[in-house]
Amino acid sequence: MSLIFVNYRTGDEEVTAALVERELSRRFGDEHVFRASKSIAAGSRYSRALITAARGCRVLLAFIGPRWAEAAAAGRSPLDAAEDWTRREIREAFENGGIVIPVLVGRTPRLRPEDLPPDLAVLADCQYRRIDHRNVESDLTRLTDDLAALVPELAAAANIRRTLLADAPLAPSEHVPRPGSPLR
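As the structure is a computational prediction, the values presented were derived from the model and not from experiment.

Here the structure, examined in full by the defined rule, presents two aromatic pairs. On the numbers, 4.9 Å between centres and 25° between planes, the contact of Phe5 with Phe34 is stacked. One end of the pair, Phe5, is in strand E1 (residues 4-7); the other, Phe34, is in strand E2 (residues 33-34), and 29 residues separate them in sequence. Phe34 carries the same exposure label as Phe5, and that label is buried. With 6.2 Å between their ring centres and 85° between their planes, Tyr46 and Trp85 make a pair best called edge-to-face. Of this pair, Tyr46 sits in helix H3 (residues 46-56) while Trp85 sits in helix H4 (residues 85-95); the two residues are 39 residues apart in sequence, bridging distant segments of the chain. One cation-aromatic arrangement involves Arg88 over Trp85; the distance from NZ or CZ to the ring centre is 4.2 Å.

Below, the structure is given as structure tokens:
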């Protein structure tokens, strides 16, 4: 079971979610980070896999950009639909004791309880993190450090990966020539 669930709305910061997921997978291991399009195997029952992963995660990262709750052509926010996947995943994580961290992208403003459906209003009270292209390195470092502090298994996984990478032999292109040896 994945420890981190990456939640996002298609059409709103899915690229940011995918890039952050990639960094989290690099640091903690692919098996610890769930993102639907990466983690659900071909032929699997999509809805069952999503709900199972959201219920079992320790931390759900809810990526929220400027179009996250934007009203559709019908004048309603997608969050108004009880069966909206983004909403359902967050709700499942809350109901099953997961930590939910809103990740505000760019200049997206903080959430307000009155702008959310009643079952998600608590999301506005959760301490958020921000990912901004101007500070992406420090924002990613802060987020990954926070996750390692919140979930001891992630800290252990990061330490194991760091040790394994440090012990890995260099690829031929990574060898540094010795002084006096001809350059190739």
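This paragraph deals with the sheet that holds strand E5 (residues 129-131). Within a sheet, neighbouring strands are paired by backbone hydrogen bonds and run either parallel or antiparallel to one another. On the basis of which strands lie adjacent, the open sheet formed by five strands has the order E2-E1-E3-E4-E5 and parallel pairing. The sheet is open, and its two edges are formed by E2 and E5, each paired on a single side. As paired elements, E1 and strand E3 (residues 59-64) share four bridges and run parallel to each other. The partner of Val6 across the bridge, within E3, is Leu61.

Turning to the nonpolar core, a few remarks are in order. In this structure, Ile4, Leu24, Phe28, Leu61, Phe63 and Leu147 are the most contacted members of the largest nonpolar core, which totals 23 residues. When residues of this core are traced back to their parent elements, those giving at least two are E1, helix H1 (14-28), E3, strand E4 (99-105), helix H5 (136-150) and helix H6 (152-167). Every residue in contact with Leu61, bar those within four places of it in the chain, is listed here: Ile4, Phe5, Val6, Asn7, Leu24, Ile101, Val103, Leu143 and Leu147. If you look at the next biggest cluster of nonpolar residues, it comprises 22 residues, including Leu79, Val100, Leu104 and Leu123.

Next up on the list: H4. With eight of its 11 residues buried, H4 lies for the most part within the structure. The set of residues buried in H4 consists of Thr86, Arg87, Arg88, Glu89, Ile90, Arg91, Glu92 and Ala93. On the buried face of H4, the contacting elements are E1, H3, E3 and E4.

Attention now moves to the packing of H3 against H4. Running from amino to carboxyl end, H3 crosses H4 at an angle of 35°, the nearest separation of the two axes being 7 Å. H3 and H4 meet at a crossing whose hand is right-handed. For the pair formed by H3 and H4, the contact residues are Ser47, Leu50, Ile51, Ala54 and Arg55 on the first element and Trp85, Arg88, Glu89, Glu92 and Ala93 on the second. Class assignment for the residues of the contact of H3 with H4 results in five nonpolar, one polar and four charged.

Thresholds applied
Residues numbered from 1 in each chain as written. Predicted model: local features only at pLDDT ≥ 70, side-chain atom pairs only at ≥ 80, totals over all residues. Heavy atoms only, no water. Phe/Tyr/Trp six-rings, centres within 6.5 Å; stacked < 30°, edge-to-face > 60°. Helix = DSSP H or I, 4+ residues; strand = E, 2+ residues; numbered from the N terminus. Buried < 20%, exposed > 50% of the residue type's maximum accessible area, 1.4 Å probe, protein only. Lys NZ or Arg CZ within 6 Å of the ring centre and 35° of its normal. Pairing = 2+ DSSP bridges. Core = buried A, V, L, I, M, F, W, Y, C linked by side-chain atoms within 4.5 Å. Contact = heavy atoms within 4.5 Å. Axes fitted to C-alpha atoms, helices over the stretch in contact; angles between N-to-C directions. Left-handed = near helix turned anticlockwise from the far one by under 90°. Nonpolar A, V, L, I, M, F, W, Y, C, P; charged D, E, K, R; others polar.

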